[in-house]
Amino acid sequence: MRKFAWAARGVAAASGAMLLGALAVPASAAAQGPEPVGNNKCTSVREVDSTVVDYSSSGLFETVFRSATDRRGHAFLNDSRNPGVWINLGLLANAPTCVQGTAVSVTEEDPGHLYVTLLASDGVLHQAQCVTTSGAPFTPSTLPAACGTGFTAIPGTPV
């Protein structure tokens, strides 16, 4: 019976030490959920942006394009014609690896253009211009062709 009591005290001590360590971690570190990127850590917050196409000449009437980031610095695009599908913008050439912010806008002409702008952790804005001529929604396989050369850094970004 003494052996069992000794083991129980050992488990209680170990549990208490683990709890103390968990409580000692700053809340901000736990909430950020940073993921290492090379030797640096990518700390990002969730962000979302959207734009609406309200012209019908190319079959894009009332299409909503949404962009979002996650806490790991990844950016995603959603086309409302393809509900529930979020395309990782890392599929596009020259996409930044640690995204802090995102924005989308669209032109209302035929052919239309979707502009996706990403703010990288180093403060540089990167923009992709994607053609929206088709009535078909963007998918992970069609987005790279629609966006041509992918992202280009915007020179002289003041951030």
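Residues numbered from 1 in each chain as written. Predicted model: local features only at pLDDT ≥ 70, side-chain atom pairs only at ≥ 80, totals over all residues. Heavy atoms only, no water.

*Asks:* Please explain the overall build of the protein chain as it appears in this structure.
*Replies:* Secondary structure assignment for the protein chain yields three helices and 10 strands. Secondary structure elements in the protein chain, listed N-terminal to C-terminal, are α-α-β-β-β-β-β-β-β-β-β-α-β. For the protein chain, buried positions account for 31% of its 159 residues. The long-range fraction of contacts in the protein chain, counting pairs at least 24 apart against all pairs at least 6 apart in sequence, stands at 47%. For the protein chain, the exposed surface amounts to about 9300 Å²; the carbon and sulfur share of it is 60%. (Helix = DSSP H or I, 4+ residues; strand = E, 2+ residues; numbered from the N terminus. Buried < 20%, exposed > 50% of the residue type's maximum accessible area, 1.4 Å probe, protein only. Contact = heavy atoms within 4.5 Å. Areas by Shrake-Rupley, 256 points an atom, 1.4 Å probe, with all protein chains shown as cover.)

*Asks:* What is the right way to read the packing of aromatic side chains from this model?
*Replies:* In this description, an aromatic ring pair is defined by two values, namely the gap between the centres and the angle between the planes. Under the definition given, this model contains one aromatic pair. Here phenylalanine 65 and phenylalanine 138 contribute two aromatic rings whose centre-to-centre distance is 5.8 Å and whose plane-to-plane angle is 40°, an arrangement assigned as tilted. Remark: phenylalanine 138 occurs in the loop between β9 (125–131) and α3 (143–146) and phenylalanine 65 occurs in strand β4 (residues 63–69); sequence separation between them is 73 residues. (Phe/Tyr/Trp six-rings, centres within 6.5 Å; stacked < 30°, edge-to-face > 60°.)

*Asks:* Looking at this structure, how should I read the sheet that holds strand β5 (residues 75–79)?
*Replies:* Strands in a sheet are paired, the pairing made by backbone hydrogen bonds, and the direction either parallel or antiparallel. On the basis of which strands lie adjacent, the open sheet formed by four strands has the order β3-β4-β5-β6 and antiparallel pairing. Of all the strands in the sheet, the pair left with one neighbour each is β3 (47–53) and β6 (86–88). With direction set aside, neighbouring strand axes in the sheet form an average angle of 20°. The sheet contact formed by β4 and β5 spans five bridges and is antiparallel. The residue of β5 that forms the bridge with threonine 69 is alanine 75. (Pairing = 2+ DSSP bridges. Axes fitted to C-alpha atoms, helices over the stretch in contact; angles between N-to-C directions.)

Worth remembering: the numbers are spatial, not functional.
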